[in-house]
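Structural overview for review
In case you want the letters, here they are:
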Amino acid sequence: MGGGVGGVDYYELLGVDRGASMADIKSAYRSLAKLMHPDAGGTAGTFHLLRQAYETLSDPARRAAYDRADQPVPRPVRRHGTTRVARSGGKLRDFGEDPTFVPPRLRLDLDTVAWWPVVGAGERVRYTPAIGPSPALVLAMAGGWLLLVLVVLLVPLGSVVLLVLGWLVVAALALLVFRTTREYLLARLTDRAFLAESAGGIVFGRPGTEQDQLAERLTARLLADYLAPLPGARIFHGLAWPDSVFADVDHAVLRGHRLVLIESKMWLPGHYTADDSGLVWRNGHPFRGGAIRLPDGVSAYRELLPDIEIRGALLVYPSRAGEVTTGEPPEVPAPPMSPEQFVHEIGEWLAAEPAMVDRDTFRIVLERVVS
């Protein structure tokens, strides 16, 4: 039996043999997930175990380690808040993650954040597509009508015919002003209905509630601290891919016609980069410590929203005492970023958009929230 949680064999759980291909594992997971998801009548614990089995067997390095799990494993020893492993010589060495470690909250000096002055600039949030006439047009037409009334009243027109024609023009313009004002008021009612539809909220969905989803909760706090104050920003937690009913994307932030998709990970301290193919590297070596699904999510959402500019960000937090650093993000779907780098670069990218909420895009993204 494999070394799964509670003695569960991940291969048996997914219903595949030990030589199954990645395609077979993915197909089996998707079929079972539809049946075992809590929304379909399953339990949260069972679904979490299924997801853990999939994430383990779909990553080559983790799968190889799992297949070796029947070999004797050294006994872990706790010392000074770090997990260490006792060896035959009695010496201890640092090993793996520290399950009790919680990364400190990011506290930036806002004077160092180039785009932050946008926040609090008093921008009025616009909702598009625009519905009805603008307030300026209504005021201009009403002012023109009043001016015409004064002309007819105060300027001698010289004949009854001209006087009648003048009042007919006043009446026609009054009807036009009335219709324009009514369209404006109906548009404002539509805006209010849209706000009621979204409950006037900025954040939608819930970040990870499972014990092993600390990274998602850390990102939710980061987004609330630094991106929620952006006028027009809308934050989503737990989104499904277009062909899925499960939370495949951890987070998303929409502002104007830009959308960033985010995956949150707690990995060992080190320097993370990505190459042109999207492969993640740690300390100059290919990283095999965890699987990511964000590139597929970015691709799926680009197909779903072809008129929206979409990019991804892989947020990495340290899983034990130590520092996570990242390189310059390349043009790949999911470049690794530290929380500080994310705030500076993604925040600036979103702040460049006008304070605007696209109704149609918002509704499409909101429909994908499953958490």
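Please refer to the structure higher up on the page.
Small disclaimer: the values here were computed from a predicted structure and weren't measured.

The subject of this paragraph is the pairing of strand β7 (residues 249-255). β7 sits mainly inside the fold: seven of its seven residues count as buried. Two strands pair when backbone bridges link them, and strand β6 (residues 234-239) and β7 are joined in this way by five bridges, in the antiparallel orientation. By the bridge assignment, L239 is partnered in β7 with V249. Of the strand pairs in this sheet, β7 and strand β8 (residues 258-267) are connected by five bridges, and their pairing is antiparallel. Bridging from a neighbouring strand, A252 pairs with L261 of β8. Following β7, the chain reverses through two residues before pairing antiparallel with β8; G256 in that reversal takes a positive phi of roughly 60°.

Picture a little ball the size of a water molecule; that probe, rolled over the atoms, points out where space is still empty. Reported here for the second largest pocket is a volume of approximately 400 Å³. P104, L106, P318, P339 and E340 are, among the 17 residues lining the second largest pocket, the residues nearest its centre. Elements represented by at least two residues in the lining of the second largest pocket include exactly α7 (214-226), β12 (309-318), β13 (324-326) and α9 (339-351). With four residues, α7 is the largest single contributor of residues to the lining of the second largest pocket. When grouped by side-chain class, the residues that make up the lining of the second largest pocket number nine nonpolar, three polar and five charged.

Reading guide: rules and limits
- Residues numbered from 1 in each chain as written.
- Predicted model: local features only at pLDDT ≥ 70, side-chain atom pairs only at ≥ 80, totals over all residues.
- Heavy atoms only, no water.
- Buried < 20%, exposed > 50% of the residue type's maximum accessible area, 1.4 Å probe, protein only.
- Helix = DSSP H or I, 4+ residues; strand = E, 2+ residues; numbered from the N terminus.
- Pairing = 2+ DSSP bridges.
- 1 Å grid on protein atoms, 1.4 Å probe; cavity = no way out; pocket = protein on both sides within 12 Å on 5 of 7 lines; lining within 4 Å.
- Points joined across faces, edges and corners; volume = space filled by probe spheres on them.
- Nonpolar A, V, L, I, M, F, W, Y, C, P; charged D, E, K, R; others polar.

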